[in-house]
Amino acid sequence: MDFTHYKDAFIQEASKNSFSEHNIQRCLDYASVLFSHDVPVIYNITHLSTLVGYNKKYLKKASLYPKYFYRDFEIAKKNGSKRPISEPLPSLKEIQIWILRNILYKIPVSPFAKAYKPNSGLIENLKFHKKQPKVFTLDLENFFPSISAKSIEKVFLELGYSRMISRLLAKLCTRDKTLPQGAPTSPSLSNLIFKDADVLIADFCKERKIRYTRYADDLSFSGDFDEKELLEKVKAIVENLDLHINTAKTKLMTPNMRQTVTGIVVNEKTQVTFHKRNELRQAMYYINKFGIDEHREYKEIDQRNYLEHLLGKINFVLQINPRDLEFIGYKAILIDLKKKQELKKKKIEPLLM
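Residues numbered from 1 in each chain as written. Predicted model: local features only at pLDDT ≥ 70, side-chain atom pairs only at ≥ 80, totals over all residues. Heavy atoms only, no water.

Caption draft 1: Layout of the overall build of the protein. Helix and strand counts for the protein come out as 15 helices and 10 strands. Projecting the C-alpha coordinates of the protein onto the three principal axes gives extents of approximately 80 × 70 × 35 Å. Relative to its 353 residues, the protein shows a buried fraction of 41%. Across the protein, 59 positive and 42 negative side-chain charges occur, with their mean positions spaced 2 Å apart. (Helix = DSSP H or I, 4+ residues; strand = E, 2+ residues; numbered from the N terminus. Buried < 20%, exposed > 50% of the residue type's maximum accessible area, 1.4 Å probe, protein only. Lys, Arg positive; Asp, Glu negative; His and termini not counted. Charge placed at Lys NZ, Arg CZ, Asp CG, Glu CD.)

Structure follows, in structure tokens:
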């Protein structure tokens, strides 16, 4: 529906409900701004509850007492430490997905952001940094937890939503007044919060012919430049957002070193790092020599979907370098094993019935 049709339908319905001309015009002025951004018109909490399919009592509770609407757990990080995850309960997650699809996905993000947006990803992030004299990577410390509910409220205000609705939407997307690691809205919101910073960093880089991309909290730069000058500039820009660079993860890589961007080698050709490839080589060696069941027993692997897990890792290697003949061969072996397992399962099932 375009705004003209919306306007005619709204005037007709509002007149039936005895709205004054002043109130009708106020509502239409509000709606026209939201229409211009291609986002849903939301007048109040009752209206939002109708749109998302949950009553306003639930919306109020979820926004006022978010700690009761999340489950907490931890996942292991690469360095062995634990990352805390706050996953919204199914009903709140459904509301957040509605906000994501109907509002957040409608807002353009920086072209320099390569994560958390359709038709962009890891490969897109890597291709800019191949065969460069220098690769310089920076990591933002505690990225999601450092983004405040106030800055998220501003995202909705700038679209034209009222302060009341902007605050409500921000509360439905936050926990403890920050972005929860685990909510479907958090990645997209982080891109929108960092949008202006992306532009400032990119402008600085363009003047110096530096290539810049950002993949979530990983900032990558390549070319020939003064890394100290660059670091100081980026540091000043991100600190204006109350964000900080993790100095322990700052890396400068020259051509005589292994240059990596988001864990992928970019020197001559993009490929997964040696130690990860070698782990897969070892697993495939033992599977070929002793069989997958014997390998799992010897290594005490009790993961039920181990074969699929291994195949996923090999597919990732091939996603980065599709011409890797060694891993194309490994993939064929695993697919053959999977077919044999499925055939064996089909033969056993009738005997158990």
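Caption draft 2: Region of interest: the pairing of strand E5 (residues 218-223). With 5 of its 6 residues buried, E5 lies for the most part within the structure. Two elements, strand E3 (residues 134-141) and E5, share 6 bridges in a ladder whose sense is antiparallel. The partner of Val135 across the bridge, within E5, is Ser222. For strand E4 (residues 211-215) and E5, the ladder comprises 5 bridges, and the chain directions are antiparallel. Bridge pairing links Tyr215 to Asp218 in E5. (Pairing = 2+ DSSP bridges.)

Caption draft 3: Structural detail: the packing of aromatic side chains. Here the structure, examined in full by the defined rule, presents 19 aromatic pairs. The ring of Phe204 has Arg208 lying over it, and the distance from NZ or CZ to the ring centre is 3.8 Å. (Phe/Tyr/Trp six-rings, centres within 6.5 Å; stacked < 30°, edge-to-face > 60°. Lys NZ or Arg CZ within 6 Å of the ring centre and 35° of its normal.)

Caption draft 4: Local environment of the nonpolar core. In terms of nonpolar packing, the biggest core is built from 67 residues, with Ile99, Ile103, Tyr161, Phe194 and Phe221 touching the most fellow members. Here the element with the most residues in this core is helix H2 (residues 21-36); it accounts for 6 residues. Ignoring any residue separated from it by four or fewer positions in sequence, one finds Ile103 in contact with Val39, Pro40, Ile42, Trp98, Phe156, Leu159, Tyr161 and Leu169. Membership of the second largest hydrophobic core comes to 23 residues, among which are Val135, Met253, Tyr306 and Leu311. (Core = buried A, V, L, I, M, F, W, Y, C linked by side-chain atoms within 4.5 Å. Contact = heavy atoms within 4.5 Å.)

Caption draft 5: Representation of the environment of Lys130 in the model. Within the secondary structure, Lys130 is located in the loop between helix H6 (122-126) and E3. Under the relative-accessibility criterion, Lys130 is labelled partly exposed at 34%. Along the backbone, Lys130 and Thr260 are 130 residues apart, and their C-alpha atoms lie at a distance of 9.5 Å.

Caption draft 6: Examining the sheet that holds strand E8 (residues 260-261) more closely. Ordered in space as E8-E9-E10, the 3 strands form an open sheet in which the pairing is antiparallel. Since the sheet does not close on itself, it has two edges, and those belong to E8 and strand E10 (271-272), each with one partner. Of the pairings in the sheet, the one linking strand E9 (residues 264-265) to E10 comprises 2 bridges and is antiparallel in character. Along E10, the bridge assignment pairs Val265 with Gln271.

Caption draft 7: Fine view of the confidence of the model for the protein. For the protein, per-residue confidence averages 89 on the pLDDT scale, and 94% of positions sit at 70 or higher. Within the protein, the element-level pLDDT minimum falls on H6, averaging 69, and the maximum on helix H8 (residues 163-172), averaging 98. (pLDDT = per-residue confidence, 0-100.)

Caption draft 8: Here's a closer look at the pairing of E3. Most of E3 is tucked away, with 7 of its 8 residues classed as buried. Pairing geometry for E3 and strand E7 (residues 251-253), over 3 bridges, is antiparallel. Among the inter-strand pairings, Phe136 is bridged to a residue of E7, identified as Leu252. Strand direction decides the pairing type here: E3 and strand E6 (residues 244-245), joined by 2 bridges, are antiparallel. Bridging across to E6, Glu141 finds its partner in His244.

Caption draft 9: Region of the structure containing the packing of helix H3 (residues 45-52) against helix H4 (residues 56-64). Packing of H3 against H4 leaves a shortest axis separation of 9 Å and a crossing angle of 100°. Overall, the two elements H3 and H4 adopt an arrangement that is roughly perpendicular. Here H3 contributes Ile45, Thr46, Leu48, Ser49 and Val52 to the contact with H4, which in turn contributes Lys56, Leu59 and Lys60. (Axes fitted to C-alpha atoms, helices over the stretch in contact; angles between N-to-C directions. Parallel < 35°, antiparallel > 145°, perpendicular 65-115°, else oblique.)

Caption draft 10: Expanded view of a positive patch on the surface. A cluster of basic residues, Arg83, Lys249, Lys251 and Arg258, forms a positive patch on the protein surface. Looking at the secondary structure, you find Lys251 in strand E7. Judged by relative accessible area, which is 45%, Lys251 ranks as partly exposed. (Patch = residues over 30% accessible without salt bridge, like charges linked within 9 Å, V, L, I, M, F, W, Y side chains within 5 Å. Areas by Shrake-Rupley, 256 points an atom, 1.4 Å probe, with all protein chains shown as cover. Salt bridge = Lys/Arg side-chain N within 4 Å of Asp/Glu carboxyl O.)

Caption draft 11: Geometry of the pattern of salt bridges. Tallied over the full model, the rule gives 15 salt bridges. Arg167 is the partner of Glu153 in a salt bridge, and the nearest nitrogen-oxygen pair spans 3.7 Å. Here the residue Glu153 occupies a position in helix H7 (residues 149-159), and Arg167 occupies one in helix H8, the gap between them amounting to 14 residues. Residue Arg167 is classed as partly exposed on the basis of its relative accessible area of 33%.

Caption draft 12: Examining a nonpolar patch on the surface more closely. There is a patch of nonpolar side chains on the surface, built from Leu64, Tyr65 and Tyr68 and spanning about 380 Å² of accessible area. Within the fold, Tyr65 resides in the loop between H4 and strand E1 (70-76). Residue Tyr65 is classed as partly exposed on the basis of its relative accessible area, which comes to 47%.

Caption draft 13: Summary view of helix H9 (residues 186-193). Among the 8 residues that make up H9, 8 are buried, leaving the element largely enclosed by the rest of the structure. Taken as a whole, H9 has its buried residues at Ser186, Pro187, Ser188, Leu189, Ser190, Asn191, Leu192 and Ile193.

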